[in-house]
Amino acid sequence: MKSAALFVVAAVRHLRCATVLQMIWNQEQGNVQRTQQAAKDDMTNAINVAIYAMKQIIQMDSERT
């Protein structure tokens, strides 16, 4: 829901907007052995993907001008 609000504001202001979402499963939580290191690695990977995507968009925009 928060991402939807960001996309609406961005559309109204004619800005680019993106979101990176991390899915967490609750139904199987008791059956999954998840370490703090695994959770940290997942978040680090998500941040790296977001940074890479932003760099690609910036590069594409600079090539258009």
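Residues numbered from 1 in each chain as written. Predicted model: local features only at pLDDT ≥ 70, side-chain atom pairs only at ≥ 80, totals over all residues. Heavy atoms only, no water.

Attention shifts here to the overall build of the protein chain. Assigned secondary structure in the protein chain consists of 2 helices and 0 strands. Across the 65 residues in the protein chain, those meeting the buried criterion constitute 5%. (Helix = DSSP H or I, 4+ residues; strand = E, 2+ residues; numbered from the N terminus. Buried < 20%, exposed > 50% of the residue type's maximum accessible area, 1.4 Å probe, protein only.)

Relative to the elements of secondary structure, S3 occurs in helix α1 (residues 2–12). In this view, S3 contacts T19 and L21; residues no more than four positions away in its chain are not counted. (Contact = heavy atoms within 4.5 Å.)

This part takes up unusual backbone geometry. A positive phi angle, close to 60 degrees, is found at H14, a residue other than glycine. H14 sits in the exposed class, given a relative accessible area of 73%.

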